[in-house]
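Listed below, chain by chain, are the residues.
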Amino acid sequence: MTVLVSCERPASGDLIHIELLQKSGHDDLKFSIEGLTGDLTFDSYYFAIATEHTEGLEVKNCLANFIGYWVIEIENMKDAQTRFFPIDISDEYTGCVKITKHGADLEINYGFSRYQGYHVNIENPTQYFNGISDFQSDIPKPIIVHQSEFLNALKSQINKILE
């Protein structure tokens, strides 16, 4: 049985934190979900590769577009649906956020899949969202947040990435 907890945080705190550091494409993508994960750091390598064939496209724009797909998918989720949203894209696996919709609330967990990162379409990751069957997590409890709060947090992070 899964125990669900409410996510409480200071008024000034961000529910989600996504930051692209000025580094070489390795250990340069910071990510966290308040009340669920600690501060995690991933590689933006695959986002950089996706920009190579589009002149003028920067990694930050590619990442913002990628998170924008999350927003669209979450807005369109129906009650009781589960979706997976990749963020840690590595050769051997993908770290991802698992979201299950319960009415106006979202149950959120973080874990990974053995789905290889080079199969993720950075420019349109929608095939990943419902294509994961081997999700694993070592986080003991998911969090529950209102859908609008989670979407607003994602949109805020997109705006910060693009600043």
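Before going into details, it helps to say that this report is about the structure given with it. Note that the structure is predicted; figures quoted are calculated from it, not measured. (Residues numbered from 1 in each chain as written. Predicted model: local features only at pLDDT ≥ 70, side-chain atom pairs only at ≥ 80, totals over all residues. Heavy atoms only, no water.)

### Observations concerning the nonpolar core
So, step 1. Counting residues in hydrophobic clusters, the biggest one holds 45 residues, and the most contacted among them are F31, W70, I108 and F150.
So, step 2. Top contributing element to this core by residue count: helix α2 (residues 59-76), with 8 residues.
So, step 3. Setting aside chain neighbours within four positions, we find I108 in contact with I33, L36, V97, K98, I99, P142, I143, V145 and F150. (Core = buried A, V, L, I, M, F, W, Y, C linked by side-chain atoms within 4.5 Å. Buried < 20%, exposed > 50% of the residue type's maximum accessible area, 1.4 Å probe, protein only. Helix = DSSP H or I, 4+ residues; strand = E, 2+ residues; numbered from the N terminus. Contact = heavy atoms within 4.5 Å.)

### So, the pattern of salt bridges
So, step 1. A complete count under the given rule lists 3 salt bridges for this structure.
So, step 2. For K160, the salt bridge identified is with D14, shortest N-O distance 2.9 Å. Note that K160 is positioned in helix α4 (residues 147-162) and D14 in the loop between β1 (5-6) and β2 (16-20), a separation of 146 residues in sequence.
So, step 3. The exposure class of K160 is partly exposed, given its relative accessible area of 38%.
So, step 4. Judged by relative accessible area, D14 falls into the partly exposed class, the value being 35%.
So, step 5. Residues K155 and E75 are paired through a salt bridge, measuring 3.4 Å at the closest nitrogen-oxygen approach. (Salt bridge = Lys/Arg side-chain N within 4 Å of Asp/Glu carboxyl O.)

### Here we look at the packing of aromatic side chains
So, step 1. The final tally for this structure, using the stated rule, is 9 aromatic pairs.
So, step 2. Ring plane angle 40° and centroid distance 6.2 Å describe the contact between F31 and Y110, whose orientation is recorded as tilted. Of this pair, F31 sits in strand β3 (residues 29-33) while Y110 sits in strand β7 (residues 105-113), and the two are 79 residues apart along the sequence.
So, step 3. Residue F31 is classed as buried on the basis of its relative accessible area of 1%. (Phe/Tyr/Trp six-rings, centres within 6.5 Å; stacked < 30°, edge-to-face > 60°.)

### Comments concerning the state of the cysteines
Disulfide: a covalent bond formed between the sulfur atoms of two cysteine residues.
So, step 1. Inspection of the entire model under this criterion finds 0 disulfides.
So, step 2. Considering cysteine sulfurs only, C96 is the nearest to C62, which forms no disulfide, with 18 Å between them.
So, step 3. Of the residues examined, C62 reaches a relative accessible area of 5% and is grouped as buried. (Disulfide = S-S within 2.5 Å.)

### Focus: the sheet that holds β3
So, step 1. The sheet built from 3 strands is open, its strands ordered β2-β3-β4 with antiparallel pairing. In this open sheet, the two strands that pair with only one neighbour each are β2 and β4 (40-42). Neighbour-to-neighbour, the strand axes of this sheet turn through a mean angle of 20°, independent of strand direction.
So, step 2. The pairing of β2 with β3 spans 5 bridges and is antiparallel. Residue pairing for β3: I16 is matched across the bridge by I33.
So, step 3. Against the sheet, α2 engages β2 and β3, with an angle of about 155° to β2. (Pairing = 2+ DSSP bridges. Axes fitted to C-alpha atoms, helices over the stretch in contact; angles between N-to-C directions.)

### Points about the environment of G95
So, step 1. Residue placement: G95 occurs in strand β6 (residues 94-102).
So, step 2. By relative accessible area, G95 is classed as buried at 1%.
So, step 3. Residues G95 and Q136, spaced 41 residues apart in sequence, show a C-alpha to C-alpha distance of 9.5 Å.
So, step 4. Not counting the four nearest positions on each side in its chain, G95 is found in contact with F85, P86, I87, D88, Y110, G111 and F112.

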